[in-house]
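# Examining the three-dimensional arrangement
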Amino acid sequence: MRQDVKKICNLLKQYAKLKRDLTAFNQVSSPSFDGVSSHSSRNNAESRLINHVDLSYQLKEVEDALNAIHDPQYLFILHEYIINKRFTRNEACERLSVSVSKFNYMKNQALIDFEKLLNLVR
């Protein structure tokens, strides 16, 4: 696999992890910003808040790029095969009625298209 395509694929694999991390963060109680808290706890609360905003922004960029893809086969490959890992490569080939080599070509093209769209939303 080409290095640029591999990099994009890894980014999408991290997308699901980022969503889980953000969900876990949202389940943590809100930090209190009273005047009594120590300096170190305020920094910790601020750091967590900044991390939350950063994760949210990263997720929005990926989601905006994914939403801009209109090819249903590319969407299937990106969502079901790469992000959610619901299908093996052979199962995905069967679903799309394509050969493995055609699937690999489509996957690489979907990743390249996604990268272009991601660069546009950034």
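Below is a summary of the structure that appears in this document.

## Brief notes about the packing of aromatic side chains
- Under the defined criterion, the tally for this structure stands at two aromatic pairs.
- An angle of 40° between the planes, with centres 5.3 Å apart, marks the rings of Phe-76 and Phe-87 as tilted. In this pair, Phe-76 sits in helix α3 (residues 72–83) while Phe-87 sits in the loop between α3 and α4 (89–96), placing the two residues eleven residues apart along the sequence. Each member of the pair, Phe-76 as well as Phe-87, carries the same accessibility label: buried.
- Look at Tyr-81 and Phe-103: their rings are 5.0 Å apart centre to centre, the planes differ by 85°, and that puts the pair in the edge-to-face class. A residue pair is termed long-range when its members are at least 10 positions apart, and Tyr-81 in helix α3 and Phe-103 in helix α5 (residues 100–121) qualify at 22 residues. Each member of the pair, Tyr-81 as well as Phe-103, carries the same accessibility label: buried.

Here is what the cut-offs are and how they apply
- Residues numbered from 1 in each chain as written.
- Predicted model: local features only at pLDDT ≥ 70, side-chain atom pairs only at ≥ 80, totals over all residues.
- Heavy atoms only, no water.
- Phe/Tyr/Trp six-rings, centres within 6.5 Å; stacked < 30°, edge-to-face > 60°.
- Helix = DSSP H or I, 4+ residues; strand = E, 2+ residues; numbered from the N terminus.
- Buried < 20%, exposed > 50% of the residue type's maximum accessible area, 1.4 Å probe, protein only.

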